[in-house]
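If you want the building blocks of each chain, they are given just below.
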Amino acid sequence: MGVSFNQDRKQFHLSTINTSYLMEVVLDRHLVHGYWGKRIHTPDLKCFVDLYEVCSFSPNPEKNHKSISFDTMPREYPDYGRSDYQSPAFEVRLEDGSHVCAPVYKSHRIYKGKEGIEGMPSLYACEDDVVETLEISLVDDLFGLEVILHYSVYEAYDVITRRVTFVNRGNGSIQLKKALSANVDFYQNHDFELMNLYGGWARERHISKIPIGHSTHVVDSKRGASSHEQNPFIALLGPKTTEHVGEVYAMNLIYSGSFMGEVSVNSYGGTRMQMGMNTIDFEWDLLPSTSFDTPEVVMVYSHEGLNGMSKIFHKIYKDRLCRGHWQDKVRPIRINNWEATYFDFDEQKIKTLIDESANLGIELMVLDDGWFGQRDSDSSGLGDWFVNKEKLPGGLEALADYANEKGMDFGLWFEPEMVSPDSALYKKHPNWCLHVPNRDRSEARNQLILDMGRADVRNYLFSALSQVLKSASIRYVKWDMNRNMTEVGSAILATNKQKETSHRYILGLYNLLDKITKAFPDILFESCSGGGGRFDPGMLYYMPQTWTSDDTDSYERLKIQWGTSMLYPPITMGAHVSEIPNHQVMRMTPLHTRAYVAMAANLGFELDLTKLSDEEKSVVKSHIDQYKRIRKTVQLGEFYRLISPYENNCTAWMFQSKDKNQVVLFYYRHLAKPNDLEPKIKLHYLDPEGLYRLEDGQQFYGDTLMNFGLRLPTMTGDFDSVMVILDKVK
Ligand code: DGJ
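None of the values given here were measured: they were computed from a predicted structure.

## As for the overall build of the chain
Along its length, the chain carries 12 helices and 38 strands. At 27 Å, the chain has a C-alpha radius of gyration in line with the 27 Å of a compact globule built from 730 residues. In terms of overall dimensions, the chain has a C-alpha envelope of 85 × 70 × 45 Å along the principal axes. Residue burial in the chain is summarised as follows: out of 730 residues, 63% are buried. Within the chain, contacts between residues at least 6 apart in sequence are counted, and of these 69% link residues at least 24 apart. Carbon and sulfur atoms provide 49% of the accessible area of the chain, an area that totals close to 27000 Å². Placing the 80 positive and 98 negative side-chain charges of the chain at their respective mean positions leaves the two points 2 Å apart.

Here is the structure:
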């Protein structure tokens, strides 16, 4: 297992418990892709690919080998311009103005463990992990460009990661124009469906599945952020793949900026799947003796359907992406004042919210936007990170101390990457934002974006934020980011480097996040970008949870949380109970359903608790007590999707604790139907011989629950729901 190399046949075999990934060096030069899929033995395979002569429209880069054409050959990391007519994985402009590049296999290295990427997030390996890394070096001698392909194999996790390093070993400058992280050519496969997670603000990560046919599909973000619009994820699904069965080939990019995933089918039926940084707003001036690292792609193959894929992503993200003090700790139940007060609050109002929250068993008070500078609306103040003493005369300290006296922790909202033109910071440093000289600066939500590629900007932010975080007992930070890039240019970069601005921004952001999270290791950081506009593995590396969406309506949230759960474990998904009519869609849903949706993730509240009746308060208290009972299972256990909100009038999902002794099922009916039968639902992934007890004392065997199913109470009205807790007694 791990990485092996057959010297005679020049074949690489990467294997995890369930996956094989094969490559071969043909004619001692060309690195050819052989296979990615269910684990196989390979000694019987003399060669992984058949080469044969085809028509003259598939040209031959090797003079004496008519059977070699890059048009027909599955390639590992395709270059541009030498008979491969699909999209290249990388592209350069060389000093002589040419774009053709011909790197060939030179050497490789296999080592135990995995090295990180300087300045960028990636999956890590711990000492006892069975992880092996393969580095393959391809070199174009004409211009001295070395392309190093890195593969790390996480045997037990069933994961392979990929990334690429470009090294300029020549004397002239090389302009990188495209530098993707991974490419997989499937030989004669075109019956896949492409799955991606699309959306927009307040409706993130909805499921899209389409047959790929004979065409090219691009899933991307050009926004300078991973975005609400698309998640940095694509998957190819084999025929008839469902949640529980079938083949899935998935790629998820650990990057928070513009990205692209592409799937195309060539005229021979070969399917190419690619992922990496977007070419828009990207170029890199690779000077002699320097190198450039792409972000890392996490590749998952599952033959157990989409739940099988998610189980792998959830486990490795919980264990080997998220880090720090909070990585495997259950998370505090929050009250956030945003939907309760928006900008209209003062010290007394927040104290009243703390009183109510403490009585209900809530554990953390989060003070959202509006506590700093001149910030009574979204039109001013960003960048001025000092307390507004008119609103909060006792400062943050008074509020944090008050929360602590009531047995709660205190947390704070920031939007560090932004500046309001109406702010002291902007007046002092008008060139600190992204902009292009002599052009208008497009505002969004009345704000501009600070150039995170600048060290002076990062230094200012680090010191301003540190000062605030040291000024009171602050145990949580919500790091928001509320617009996407325009006029992408930097005042400190030379004219030929302007297209580096966007990637340098992301590197700068990671640098600041690294510094601040190391300086305050006990603070729980939650990332946010107008909800889930940057819910990606890059951000999760620094901040172990994300505000899933600004849409808090429980019905909309079913679809959002369903889609998000494809990749990201429920512990990473902030989910709040809010008031009705819902502020985003005006929908009325019952309190228990709002709670059961939020309780199926990382629970919080976002409403004015003082407006609840005593009866409602006691219901909320009982939900909080129940959540504390199931929290470990929901946050640290395993999660499975059962009935999709996209295809049914109901949704169901379930959790199983790490020790398999507690199972929690949530069932949500959408619209009421006359004369409807009581629901009966089949559970999955239980111990067939195990005996499970419900709260009312009824007991069922696992095989009964999985095959006959569990009868649920009749639903009443729209958006009714039920939560069932089962304890394994035998
Ligand atoms: C967008 C966030 O998603 C909201 O939760 C809230 O924090 C606002 N920004 C505050 O401006």
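Now that the structure has been shown, we can carry on.
## A short note on the packing of aromatic side chains
Throughout the structure, instances matching the rule amount to 39 aromatic pairs. Ring centres 6.4 Å apart and planes at 50 degrees place the aromatic pair tyrosine 77 and phenylalanine 166 in the tilted group. With a gap of 89 residues between them, tyrosine 77 in the loop between β4 (30-38) and β5 (90-93) and phenylalanine 166 in strand β9 (residues 159-168) connect regions that are remote in the sequence. Assigned by exposure class, tyrosine 77 and phenylalanine 166 land together as buried. Aromatic side chains tryptophan 371 and tryptophan 385 sit 6.0 Å apart centroid to centroid with 40 degrees between the ring planes, which places their arrangement in the tilted category. On the criterion of sequence distance, the pair formed by tryptophan 371 in the loop between β22 (364-367) and α4 (395-405) and tryptophan 385 in the loop between β22 and α4 is long-range, its members being 14 residues apart. A relative accessible area of 4% places tryptophan 385 in the buried class. Here the aromatic residues Tyr21, Trp36, Tyr151, Phe186, Phe192, Tyr249 and Tyr301 are joined through ring pairs into a cluster of three or more. The positively charged end of arginine 557 is found above the aromatic ring belonging to tryptophan 547, 4.8 Å away from the centroid.

## Side note on the sheet that holds strand β2 (residues 11-15)
Across the sheet, 4 strands lie side by side as β1-β2-β3-β4; this open sheet has antiparallel pairing. A single partner strand is all that each edge strand has here, and the edge strands are β1 (2-6) and β4. Each adjacent strand pair in this sheet contributes to an overall mean axis angle of 15 degrees, direction not counted. As judged from the 5 bridges shared by β1 and β2, these two strands associate in the antiparallel manner. Counted as the bridge partner of valine 3 is leucine 14 from β2.

## Topic: the sheet that holds strand β33 (residues 662-669)
Judged by pairing direction, the sheet is antiparallel, and its 6 strands sit side by side in the order β31-β32-β33-β38-β35-β36 without closing on themselves. This sheet does not close on itself; its edge strands, each paired only once, are β31 (638-643) and β36 (699-701). When strand polarity is set aside, the average angle formed by the axes of neighbouring strands in this sheet is 25 degrees. Relative to β36, strand β35 (residues 691-694) is paired through 3 bridges, and the arrangement is antiparallel. Directly across from tyrosine 692, in β36, lies its bridge partner phenylalanine 700.

## Notes on the packing of helix α9 (residues 554-564) against helix α10 (residues 591-598)
Packing of α9 against α10 leaves a shortest axis separation of 9 Å and a crossing angle of 20 degrees. What the angle tells us is that α9 and α10 run roughly parallel. When you trace α9 past α10, the crossing you get is left-handed. Taking contact as the criterion, the partners of Ser554, Arg557, Leu558 and Gln561 in α9 are, on α10, Thr593, Arg594 and Val597. A per-class count over the contact of α9 with α10 returns 2 nonpolar, 3 polar and 2 charged.

## Section: the nonpolar core
Ranked by size, the top nonpolar core spans 185 residues in total, and within it Phe166, Trp371 and Phe666 carry the most contacts. For this core, the element with the most residues is helix α7 (residues 501-519), which contributes 7 residues.

## Digging into α10
Among the 8 residues that make up α10, 7 are buried, leaving the element largely enclosed by the rest of the structure. Taken residue by residue, α10 has Leu591, Thr593, Arg594, Ala595, Tyr596, Val597 and Ala598 as its buried positions. Contact partners of the buried residues in α10: α9, β29 (573-578), β30 (602-606), α11 (614-636), β33 and β38 (721-728).

## Quick look at the site of the ligand
Taken together, 13 residues sit near the ligand, with Asp368, Asp369, Lys478, Asp480 and Asp550 positioned nearest. Between aspartate 368 and the ligand, the recorded distance is 2.6 Å, taken from a side-chain N or O atom to an oxygen atom. For the ligand, an oxygen atom lies 3.4 Å from a polar atom in the side chain of tryptophan 547. The protein chains hide 98% of the 300 Å² of surface that the ligand would expose on its own. Classifying every residue of the shell around the ligand by side-chain character gives 4 nonpolar, 3 polar and 6 charged.

## Let's talk about the layout of surface pockets
Roughly 720 Å³ of volume is contained in the largest pocket. Forming the boundary of the largest pocket are 27 residues, of which Lys311, Ile312, His314, Lys315 and Glu638 lie nearest the centre. At the level of elements, β20 (296-302), α1 (305-320) and β31 are the ones that each hand at least two residues to the lining of the largest pocket. A class-by-class count of the residues in the lining of the largest pocket yields 8 nonpolar, 9 polar and 10 charged. Both domains that furnish three or more residues to the lining of the largest pocket are identified here as domain 1 (76-320) and domain 3 (650-728).

## Remarks on the domain arrangement of the chain
Per the domain assignment, the segments of the chain are domain 1 (76-320), domain 2 (336-346 + 363-547) and domain 3 (650-728). The C-alpha centroid of domain 3 is placed 39 Å from the C-alpha centroid of domain 1.

## Focus on the pattern of salt bridges
When charged atoms on two side chains of opposite charge get close, those side chains can pair. Applying the stated criterion across every chain, the model contains 49 salt bridges. Residue aspartate 129 is joined to arginine 320 by a salt bridge in which the shortest nitrogen-to-oxygen separation is 2.6 Å. Placement of the pair is aspartate 129 in the loop between β6 (104-112) and β7 (131-140) and arginine 320 in helix α1, with a sequence separation of 191 residues. Here aspartate 129 matches arginine 320 in class, with each residue buried. One salt bridge connects lysine 406 with aspartate 355, and the closest N-O pair in it is separated by 3.4 Å. Here the residue lysine 406 occupies a position in the loop between α4 and β23 (409-414), and aspartate 355 occupies one in helix α3 (residues 347-360), the gap between them amounting to 51 residues.

## A few points about unusual backbone geometry
Note that the residue after isoleucine 580, namely proline 581, is joined by a cis bond; omega there is -10 degrees. Despite not being glycine, lysine 10 shows a phi value in the positive range, around 55 degrees. Among the structural elements, lysine 10 can be located in the loop between β1 and β2. Positioned with a positive phi, methionine 586 is a non-glycine residue whose angle comes to about 65 degrees. Inspection of the secondary structure puts methionine 586 in the loop between β29 and α10.

## Thoughts on the environment of histidine 303
When you line up the elements, histidine 303 lands in the loop between β20 and α1. In this structure the C-alpha to C-alpha distance between histidine 303 and aspartate 676, which are 373 residues apart in sequence, comes to 36 Å. Ignoring sequence-local partners within four residues, the contact set of histidine 303 consists of Asn18, Lys38, Gly246 and Glu247.

Cut-offs and rules
- Residues numbered from 1 in each chain as written.
- Predicted model: local features only at pLDDT ≥ 70, side-chain atom pairs only at ≥ 80, totals over all residues.
- Heavy atoms only, no water.
- Helix = DSSP H or I, 4+ residues; strand = E, 2+ residues; numbered from the N terminus.
- Rg over C-alpha atoms; globule rule 2.2 N^0.38 Å.
- Buried < 20%, exposed > 50% of the residue type's maximum accessible area, 1.4 Å probe, protein only.
- Contact = heavy atoms within 4.5 Å.
- Areas by Shrake-Rupley, 256 points an atom, 1.4 Å probe, with all protein chains shown as cover.
- Lys, Arg positive; Asp, Glu negative; His and termini not counted.
- Charge placed at Lys NZ, Arg CZ, Asp CG, Glu CD.
- Phe/Tyr/Trp six-rings, centres within 6.5 Å; stacked < 30°, edge-to-face > 60°.
- Lys NZ or Arg CZ within 6 Å of the ring centre and 35° of its normal.
- Pairing = 2+ DSSP bridges.
- Axes fitted to C-alpha atoms, helices over the stretch in contact; angles between N-to-C directions.
- Parallel < 35°, antiparallel > 145°, perpendicular 65-115°, else oblique.
- Left-handed = near helix turned anticlockwise from the far one by under 90°.
- Nonpolar A, V, L, I, M, F, W, Y, C, P; charged D, E, K, R; others polar.
- Core = buried A, V, L, I, M, F, W, Y, C linked by side-chain atoms within 4.5 Å.
- Near = heavy atom within 4 Å.
- Polar contact = N/O pair within 3.5 Å; in protein donor to acceptor, adjacent residues only side chain to side chain.
- 1 Å grid on protein atoms, 1.4 Å probe; cavity = no way out; pocket = protein on both sides within 12 Å on 5 of 7 lines; lining within 4 Å.
- Points joined across faces, edges and corners; volume = space filled by probe spheres on them.
- Domains from an automatic or database assignment.
- Salt bridge = Lys/Arg side-chain N within 4 Å of Asp/Glu carboxyl O.

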